[in-house]
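Descriptive analysis of the structure
What follows is each chain in one-letter form.
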Amino acid sequence: MINVEHLSKTFGKHEVLQNITTTVEPGEVVAIIGPSGSGKSTFLRCLNLLEVPTSGRITIDGADITDKKTDITKVRQGIGMVFQHFHLFPHMTVMDNLTFAPVKVKGMSLEEARSKSEILLERVGLRAKADAYPSKLSGGQKQRVAIARSLAMDPDIMLFDEPTSALDPEMVKEVLAVIHDLASTGMTMLIVTHEMKFAREAADTIYFLDSGQLIEKAEPGRFFTKPQSERAVRFLEKVL
Ligand code: ADP
Ligand code: MG
């Protein structure tokens, strides 16, 4: 589904991603962990070209997004992204937040977009909030709306960058439950997270990044019990 070859990214002289090579299979759920500043967000953002790689090649479902001839807008439509801060449209109701892009970008009829959105809101437990404005929602509810809004575009891949880091502790669980549920539907997902228990339970694969390098790539059971690198051992000592 995603093929990354020798990906590097530099900002000025700072090499933020160093020669990353990996493959993500369809339906695979990857949790990306590592210290602050290790390049997790930059890696995720390279996958939909929010950051342009300095070198290397990334193909998404066969399309080489690092090739200037590729229609990136089309590739991006297949990739949903959810950020730490929810970025909902504040002047629109929850329902309008969900229907906006499918109608404007995909040309879906408003009727179809609304009935799809109702199903998605049901799925994230917010059917009753369809007519509410974002300002009336809790952080956890906002993030669940943001997830439903991404899903309204029918993505093949979902990227999450610390989706629970801005939430009060009591709201973390409800958002992780939605993401976990999505993981079990076969969606291909990459999730940057500091929630180690969630990473262990929900992910098929853990990527451990440190100083721009993909230091370890392992199945969670192995990573959390027998990390192979000294750096991962030290990181886990701090966070577990
Ligand atoms: P993480 O998400 O793991 O905390 P980031 O990918 O956000 O790490 O950042 C990795 C490094 O790249 C950091 O040192 C950060 O300061 C730097 N960086 C990120 N974005 C930019 C940018 N637009 N310009 C310059 N440096 C950046
Ligand atoms: Mg980050």
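About the cut-offs
Counting restarts for each chain: residues are numbered from 1 in the order of the written sequence. Think of it this way: whatever chain is written first is A, whatever ligand is written first is 1, and the rest follow in order. The predicted origin of the model limits local features to residues at a pLDDT of at least 70 and limits the giving and counting of side-chain atom pairs to 80 or more, whereas totals for whole chains, interfaces and linings rest on all residues. Secondary structure elements follow DSSP: runs of H or I no shorter than four residues count as helices, runs of E no shorter than two count as strands, and numbering proceeds from the N terminus. C-beta atoms are placed from the backbone for every residue, and two residues are taken to be in contact when these atoms lie within 7 Å. Should DSSP find at least two bridges between two strands, the strands are taken to pair. Lines fitted to C-alpha atoms define the axes, with helix axes restricted to the stretch in contact, and inter-axis angles between N-to-C directions lie between 0 and 180 degrees. Nearness is defined per residue: the C-beta atom, placed using the backbone, must lie within 6 Å of the molecule or strand. Nonpolar residues are Ala, Val, Leu, Ile, Met, Phe, Trp, Tyr, Cys and Pro. Charged residues are Asp, Glu, Lys and Arg, and all others, Gly as well, are polar. UniProt positions are given in the numbering used here, feature names are shortened, and annotations may be inferred rather than shown by experiment. An angle counts as roughly parallel when it lies under 35 degrees, as roughly antiparallel when it exceeds 145, as roughly perpendicular when it falls between 65 and 115, and as oblique in every other case. Should the near helix be turned counterclockwise from the far one by less than a right angle, the crossing is left-handed, whereas a clockwise turn marks it as right-handed. All domain edges in this entry derive from an automatic or database-based domain assignment. To assign burial, the other C-beta atoms lying within 10 Å of each residue's own C-beta are counted, with C-beta atoms placed from the backbone; 20 or more indicates buried, 12 or fewer indicates exposed, and intermediate counts indicate partly exposed.

The name an unreviewed UniProt entry gives the chain is Arginine transport ATP-binding protein ArtM, with Paenibacillus plantiphilus as the organism.

1. As for the overall build of the chain
Each helix and strand counted, the chain has nine helices and 10 strands in total. In terms of overall dimensions, the chain has a C-alpha envelope of 50 × 45 × 30 Å along the principal axes. Put simply, 62% of the contacts in the chain that link residues at least 6 apart link residues at least 24 apart.

2. Comments concerning the sheet that holds strand E6 (residues 79-82)
The strand order E6-E7-E8-E3-E9-E10 describes an open sheet built from six strands, whose pairing is mixed. Both outer strands of the open sheet, E6 and strand E10 (213-218), are each paired with one neighbouring strand and no more. Shown here is a sheet whose adjacent strand axes are inclined to one another by a mean of 15°, direction ignored. With five bridges connecting them, strand E7 (residues 157-161) and strand E8 (residues 188-192) associate as parallel partners. Bridge pairing in E8 places Met158 opposite Met189.

3. Section: the environment of Glu219
Mapped onto the secondary structure, Glu219 falls in the loop between E10 and helix H8 (220-225). With 13 residues separating them along the chain, Glu219 and Ile206 place their C-alpha atoms 6.0 Å apart.

4. What to know about the site of ligand 1
Within the structure, ligand 1 sits among Phe11, Val16, Gly34, Ser36, Gly37, Ser38, Gly39, Lys40, Ser41 and Thr42. In terms of residues, the shell around ligand 1 owes the most to one element, helix H1 (residues 40-46), which gives three residues. For the shell around ligand 1, a count of residues per class yields two nonpolar, seven polar and one charged.

5. So, the UniProt feature "domain: ABC transporter" (unreviewed entry) in the chain
As annotated by UniProt and renumbered to match this structure, "domain: ABC transporter" (unreviewed entry) occupies residues 2-236. In the segment residues 2-236, helix accounts for 37% and strand for 26%; the C-alpha atoms at its two ends are 27 Å apart.

6. Regarding the packing of helix H3 (residues 94-104) against helix H5 (residues 139-151)
Packing of H3 against H5 brings their axes to within 8 Å, and their N-to-C directions diverge by 25°. Relative to H5, the element H3 lies roughly parallel. Here H3 runs over H5; the crossing is right-handed. The residues of H5 that touch H3, namely those facing Val94, Asn97 and Leu98, are Val145, Ala148 and Arg149. Along the lines of polarity and charge, the residues of the contact of H3 with H5 split into four nonpolar, one polar and one charged.

7. A word on the domain arrangement of the chain
Taken as a whole, the chain is organised into domain 1 (2-78 + 156-239) and domain 2 (92-154). Each of domain 1 and domain 2 has a C-alpha centre, and the two are 25 Å apart. Each partner contributes to the interface: domain 1 provides 10 residues, whereas domain 2 provides 10 residues. For the side of domain 1 that touches domain 2, the per-class residue count stands at seven nonpolar, one polar and two charged.

8. Focus: the pairing of strand E9 (residues 205-210)
Here four bridges tie strand E3 (residues 29-33) to E9, and the two strands are oriented parallel to one another. Looking at E9, one finds that Ala31 is bridged to Ile206. For E9 and E10, the ladder comprises five bridges, and the chain directions are antiparallel. Bridging across to E10, Tyr207 finds its partner in Lys217. Here E9 folds back onto E10, and the loop between the two strands holds two residues, one of which, Ser211, carries a positive phi near 45°.

9. Things to note about the environment of Pro169
Of note, Pro169 is situated in helix H6 (residues 169-183). With 7 C-beta atoms counted inside 10 Å, the residue Pro169 sits in the exposed group.

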